[in-house]
Amino acid sequence: EEVEQLKEAVVTRFKEDKLSAYIQKMRLFADDDDDKELREASMRCTTEEEARILLKTWCEDNDVVVPFLQAFNVHRGSSRDAKTI
C-alpha cells in the first residue's frame, strides 16, 4: 500500500511538472512569434496530454522541432505529493 501511494505521488507530480514545462515552452514560442492565440490556448490546458498535443501541433504547423523537455526533482516543493516522495 505504501509503495502504491508513493507511485501515485511520483506520477502525479511528474505530470504536473510536465504540464508546467509544456505551458512554459508554449509561452516562450508565443512570445517569440507574437502568437496571442498560442499563448491563450496554452493557458487553457489542464492536462499534460492536452498541452503536449497542442505544443506538438503548433510545432508541426510552424515547422519547428518539438523541443525536448526535462522534468526532474519531483521531490522538491511543498505539495502533498512532494512531501510523500
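These remarks concern the structure in this document. Since the model is a prediction, treat every value here as computed from it, not as a measurement.

In this description, an aromatic ring pair is defined by two values, namely the gap between the centres and the angle between the planes. Taken as a whole and assessed by the stated rule, the structure comprises one aromatic pair. A centroid spacing of 5.0 Å and a plane angle of 20° characterise the contact between F29 and W58, whose relative ring orientation is stacked. With F29 in helix α1 (residues 2-33) and W58 in helix α3 (residues 48-61), this residue pair connects regions lying 29 residues apart in the sequence. Each of the two residues, F29 as well as W58, counts as buried.

Glancing now at the pattern of salt bridges. The full count for this structure, using the stated rule, is six salt bridges. Note that D17 is salt-bridged to R13, the shortest N-O span being 3.4 Å. Separated by four residues within a single helix, D17 and R13 lie in helix α1, roughly one turn from each other. Across the pair K56 and E60 runs a salt bridge whose closest N-O atoms are separated by 2.8 Å. Here K56 and its partner E60 are both found in helix α3, four residues apart, which amounts to about one turn of the helix.

The set of residues buried in helix α2 (residues 36-44) consists of L38, A41 and S42. Looking straight down α2, one finds its buried side chains confined to an arc of 100°; they lie on one side. For α2, the exposed residues set more than 90 degrees away from the buried face come down to K36, M43 and R44. In this fold, the buried residues of α2 make contact with α1 and α3. Taking the backbone nitrogen of E37 as reference, a side-chain oxygen 3.2 Å away marks D35 as the first, capping residue of α2.

Take α1 next. Over its 32 residues, α1 runs 47 Å from end to end, which matches the ideal 46 Å to within 8%, given 1.5 Å per residue. For α1, the full list of buried residues reads A9, R13, L19, Y22, I23, M26, F29 and A30. Note on α1: the residue one or two positions beyond its end, D34, has a positive phi of about 50°.

Time to look at unusual backbone geometry. The bulk of non-glycine residues show a negative phi, and the bulk of peptide bonds are trans. One non-glycine residue, D34, lies in positive phi territory at about 50°. As for its placement among the helices and strands, D34 is situated in the loop between α1 and α2. We classify D34 as exposed; its relative accessible area is 65%. Backbone geometry at D63 places phi at a positive 55°, although glycine is not the residue there.

About the criteria used
- Residues numbered from 1 in each chain as written.
- Predicted model: local features only at pLDDT ≥ 70, side-chain atom pairs only at ≥ 80, totals over all residues.
- Heavy atoms only, no water.
- Phe/Tyr/Trp six-rings, centres within 6.5 Å; stacked < 30°, edge-to-face > 60°.
- Helix = DSSP H or I, 4+ residues; strand = E, 2+ residues; numbered from the N terminus.
- Buried < 20%, exposed > 50% of the residue type's maximum accessible area, 1.4 Å probe, protein only.
- Salt bridge = Lys/Arg side-chain N within 4 Å of Asp/Glu carboxyl O.
- Arc of directions from axis to C-beta.
- Contact = heavy atoms within 4.5 Å.
- Polar contact = N/O pair within 3.5 Å; in protein donor to acceptor, adjacent residues only side chain to side chain.
- Expected span 1.5 Å × (residues − 1).

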